[in-house]
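Overview (structure and organization)
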Amino acid sequence: EVVGKSAPKELVGSSAAPLPSAKAHKGDWTMDRDSQDFLALDEELKANLRGEKAKRLRDVREQMRFILDTDDVACSNGEWSCCKKKEYGCDGCAC
């Protein structure tokens, strides 16, 4: 399915509006089959699936939290012993 200047009427609207881009494209956007199938679902089902996706992603992030993205201490999980704040780069509590 091609979306762009010649997009079908059912795909044109606020949800199909082109996103601003740093560079323009010479061609048209070709939507993959999974995206077409998802957009064809009724609104309630799409909302339910989006909610389930968000829940599952939160669960996975929490389960994988112990795997740090870098070896930088500033990216680690923990808390300050003085004020119990949990962000390494937060404002200090000492006057």
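Residue numbers run consecutively from 1 along every chain, following the written order of its sequence. Where totals are concerned, whole chains, interfaces and linings use all residues; where local detail is concerned, this predicted model gives features only for residues with pLDDT of at least 70, and gives and counts side-chain atom pairs only at 80 or more. By convention in this description, side-chain values take in all heavy atoms of the structure and omit both hydrogens and water.

Quick word on the overall build of the protein
Segments assigned H or I by DSSP are reported as helices when at least four residues long, segments assigned E as strands when at least two residues long, and all are numbered from the N terminus. A count of helices and strands for the protein gives two helices and two strands. Element order for the protein, N to C, with α for helix and β for strand: β-β-α-α. Note on classification: 1.4 Å probe, protein chains only; a residue is buried when its accessible area is under 20% of the maximum for its type, exposed when over 50%, partly exposed between these limits. Counting over 95 residues, the protein shows a buried share of 6%. Across the protein, the fraction of contacts at a sequence separation of at least 24, relative to all contacts at a separation of at least 6, is 28%. Total accessible area on the protein stands at roughly 8,800 Å², and carbon and sulfur atoms take up 55% of it. Two residues qualify as a contact provided that any one of their heavy atoms is within 4.5 Å of a heavy atom in the partner residue. Note that accessible areas follow from Shrake-Rupley with a 1.4 Å probe, and for residues the cover is restricted to the protein chains shown.

Side note on unusual backbone geometry
Of note in this structure, lysine 84 is not a glycine but carries a positive phi near 65°. By the element assignment, lysine 84 lies in the segment after α2 (43–63).

Overview of the confidence of the model for the protein
Per-residue confidence from the predictor is reported as pLDDT, which spans 0 to 100. The share of residues in the protein with pLDDT of 70 or more is 76%, and the mean pLDDT across the chain is 84. Predicted confidence for residues 5–10 stays below pLDDT 50, and this span has six contacts to residues more than four positions away or in other chains.

What about the environment of leucine 68?
Assignment of secondary structure puts leucine 68 in the segment after α2. Discounting chain neighbours no more than four positions away, the residues touching leucine 68 are Cys75, Ser76 and Asn77.

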